[in-house]
Amino acid sequence: MSASTQDRGALIMALRSWIERLESGGSVDAPPALAELLQTQDHAFYRQVAELTRRLHSGVVSLRLDERLTRIAGDAMPDARHRLRHVVQMTEDAAHKTLDIVDQMRGVARQISRSAESFEASDLRRAALLRDAEILRERLNELAIAQEYQDLTGQIIKRIISLVEDVESALLELLGAHAAHLKTAAPLPIAEGQAVLAGPAVPGQITTSQQDADALLASLGV
Amino acid sequence: MDKNMKILVVDDFSTMRRIVRNLLGDLGYSNITEADDGKSAWPVLQAGSFDFVVTDWNMPGMTGIDLLRNIRGDARIAKTPVLMVTAEAQREQIIEAAQAGVNGYIIKPFNAATLKEKIDKIFQRIAEAA
């Protein structure tokens, strides 16, 4: 903030009269007019310092915010996505392990059936063993199909991963110029067409049951 | 029904492909090929003469509904029966699939009995039409 021309002129005049007074052997104290002027200048100076401090403060605050957002978009969100993918991978591994065991046990069930065949038709053990093998086969089917939870939960988690990616991209865009300095680049946008589908049913959602679907399809001639 | 018929199972989740394959195997079908989305299924379908396609809907690359439309749009394979096995349980989706020419629609989660029932129905209809 610069002093006005008027203030400048008044200051020069006051200084001149002070020098003249000093040269003529007068008081060394600043004349009252000058003292008053200097005080005004001080106020302006302090106001200026205050304004600069305020700007610096808000600058620092927004910089920290940028840093935080940068950290979230650049590290925390990719980390969240990574963890979610890991969950999908773990459930996939677990489901496959279960299916491996189901396959092995199906072999055992077939072996029991074959062993049963070696008994005479009249032997009660034959019927009992065949029944047990059949129950085993049915239960193993149920066990196998129960593993579809992995697909359904996986689909829901993948949707959340897409959402995180979207928020991440939006944040990076918001950060604008700073985004160039981030460690992780924004991921590719999710493929079109996926977002419009409702996906696996979640509680509280109106969906169609297999029976409703059958009725609907029948009405459409399928 | 021909137990040796050539079946293509399309799903992006390996777990689900394996479950469907196992269930089909239990029903006596063993000539099964897998593809992980419509895009990889398409050349496989064009190269080999498949008798039946079981497909998911929501897949990256090419979705099941697009795969279905492509099948119906290609004169050589247009008549291949397609069963959709999907978590999409919205009325609009079911209607869309029906309009695209789906032969059966199963909502996940499903069970072995539903799969058998739908397959039987599809081939029974085909036999009737023949």
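An unreviewed UniProt entry lists chain B under the name Chemotaxis protein CheY, from Solimonas terrae.

The name given to chain A in an unreviewed UniProt entry is Protein phosphatase CheZ, and the organism recorded there is Solimonas terrae. As recorded by UniProt, the Function (unreviewed entry) comment attached to chain A reads in full: "Plays an important role in bacterial chemotaxis signal transduction pathway by accelerating the dephosphorylation of phosphorylated CheY (CheY-P)." Here is the UniProt Subcellular location (unreviewed entry) comment for chain A, exactly as written: "Cytoplasm".

Undergrad: I keep staring at the overall build of chain B and nothing clicks. Help me out?
TA: Check the secondary structure of chain B and you find five helices and five strands. When the elements of chain B are put in sequence order from the N terminus, they spell out β-α-β-α-β-α-β-α-β-α. Counting the 130 residues in chain B, one finds 58% classified as buried. Summed over its atoms, the accessible surface of chain B is roughly 5300 Å², and 49% of this surface lies on carbon and sulfur atoms.

Undergrad: Got a minute to help me understand the sheet that holds strand S1 (residues 7-10) of chain B in this structure?
TA: Sheet strands associate in pairs through backbone hydrogen bonding, adopting either a parallel or an antiparallel arrangement. Residues and elements named next belong to chain B. If you trace the five strands from one edge of the open sheet to the other, you get S2-S1-S3-S4-S5, paired in parallel fashion. Two strands bound the open sheet, and with one partner strand each, they are strand S2 (32-35) and strand S5 (104-107). Along the sheet, successive strands turn relative to each other by an average axial angle of 15°, direction set aside. For S1 and S2, the ladder comprises four bridges, and the chain directions are parallel. When the bridges of S2 are listed, leucine 8 appears paired with threonine 33.

Rules behind the numbers
The residue numbering used here restarts from 1 in each chain and proceeds along that chain's sequence as written. Note on labels: chains are lettered from A, ligands numbered from 1, in written order. At least 70 in pLDDT is required for a residue's local features to be given in this predicted model, at least 80 for side-chain atom pairs to be given and counted, and no such filter applies to totals for whole chains, interfaces and linings, which use all residues. Calculated side-chain values reflect all of the structure's heavy atoms, with hydrogen atoms and water omitted. UniProt positions are given in the numbering used here, feature names are shortened, and annotations may be inferred rather than shown by experiment. Segments assigned H or I by DSSP are reported as helices when at least four residues long, segments assigned E as strands when at least two residues long, and all are numbered from the N terminus. Here the term buried applies to any residue with accessible area under 20% of the maximum for its type, exposed to any over 50%, and partly exposed to those in between, with areas from a 1.4 Å probe on protein chains only. The protein chains shown are the only cover counted for residues, whose accessible areas, like all others here, come from Shrake-Rupley with a 1.4 Å probe. Pairing between strands is defined by DSSP: at least two bridges between the two strands are required. Note on definitions: angles span 0 to 180 degrees between N-to-C directions of axes, and those axes are lines fitted to C-alpha atoms, for helices only across the stretch in contact.

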